[in-house]
Amino acid sequence: MHTKTMEGLAGASMNMKLLNTPFRVYKEAERRGDTAVMERAMGYMGEFADKAEDYQKIAEKGMKEDAKEAREKAETDQENAIRKRKEERKEQEKRIAESHKGDTDTVIIGESEKAASDEKSASVQTGTDNDISSEETVDAGKTEPVIYTKTGKTAKPEPAANISVSI
């Protein structure tokens, strides 16, 4: 909090509290009918109210300065964040460029390796690899649901019972 803001708030608060004393004197003088005391009390009340307004203006100036400083700080923080992001992006682009350089290994496949690779891919497509026949793969989509016991063995489902509901 800015010092002007604190000074303004404290001064306005104190003058508003001090305003209570001449107001009480005014009320007592009004009950007695003493107009001279009432006028003096009103003069003091006016002075304290004016001072409170002055301090209120000081507090408003201080709050404006606080807001201005907060905006400036937010702008500098934002600029710093943008600058950091740009630096990080440049570093990342450098790393990407370095990884794309000729430092990578290359693999050259000869004719015999290509032929072996083609044979293996052909055996996978026909279903002869890994002890799975093409008939089993076709039947796998048509199987009935299986129920497993707690021990992990399959249990045969009970025959469907005819259930009828009459309403």
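Attention here is on the structure that accompanies the text.

Scoring rules and cut-offs
Residues numbered from 1 in each chain as written. Predicted model: local features only at pLDDT ≥ 70, side-chain atom pairs only at ≥ 80, totals over all residues. Heavy atoms only, no water. Helix = DSSP H or I, 4+ residues; strand = E, 2+ residues; numbered from the N terminus. Buried < 20%, exposed > 50% of the residue type's maximum accessible area, 1.4 Å probe, protein only. Axes fitted to C-alpha atoms, helices over the stretch in contact; angles between N-to-C directions. Parallel < 35°, antiparallel > 145°, perpendicular 65-115°, else oblique. Left-handed = near helix turned anticlockwise from the far one by under 90°. Contact = heavy atoms within 4.5 Å. Nonpolar A, V, L, I, M, F, W, Y, C, P; charged D, E, K, R; others polar. Patch = residues over 30% accessible without salt bridge, like charges linked within 9 Å, V, L, I, M, F, W, Y side chains within 5 Å. Areas by Shrake-Rupley, 256 points an atom, 1.4 Å probe, with all protein chains shown as cover. Salt bridge = Lys/Arg side-chain N within 4 Å of Asp/Glu carboxyl O. Lys, Arg positive; Asp, Glu negative; His and termini not counted. Charge placed at Lys NZ, Arg CZ, Asp CG, Glu CD.

## What about the environment of Ala 10?
Step number 1: For Ala 10, the location among the structural elements is in helix α1 (residues 3-18).
Step number 2: Ala 10 sits in the partly exposed class, given a relative accessible area of 47%.
Step number 3: Distance in space between the C-alpha atoms of Ala 10 and Ala 52 is 9.6 Å, their sequence separation being 42 residues.

## Side note on the packing of α1 against helix α3 (residues 35-99)
Step number 1: Contact geometry for α1 and α3: axes closest at 7 Å, N-to-C directions at 160 degrees. Between α1 and α3, the angle is such that the two are roughly antiparallel. Classified by chirality, the crossing of α3 by α1 is left-handed. Every residue of α3 that contacts α1 at Lys 4, Thr 5, Glu 7, Gly 8, Leu 9, Gly 11, Ala 12, Asn 15, Met 16 and Leu 18 is listed here: Phe 48, Lys 51, Ala 52, Tyr 55, Gln 56, Ile 58, Ala 59, Gly 62, Met 63, Glu 65 and Asp 66.
Step number 2: When the residues that make up the contact of α1 with α3 are grouped by side-chain class, the tally is 10 nonpolar, 6 polar and 5 charged.

## Side note on a nonpolar patch on the surface
Step number 1: Together, Met 1, Met 6 and Leu 9 make up a nonpolar patch on the protein surface, roughly 350 Å² of accessible area in all.
Step number 2: Mapped onto the elements of the fold, Met 1 is located in the segment before α1.
Step number 3: When its relative accessible area of 71% is taken as the criterion, Met 1 is described as exposed.

## Considering a positive patch on the surface
Step number 1: A contiguous patch of positive charge on the surface is contributed by Arg 85, Lys 86, Arg 89, Lys 90 and Lys 94.
Step number 2: Position of Lys 90 among the secondary structure elements: in helix α3.

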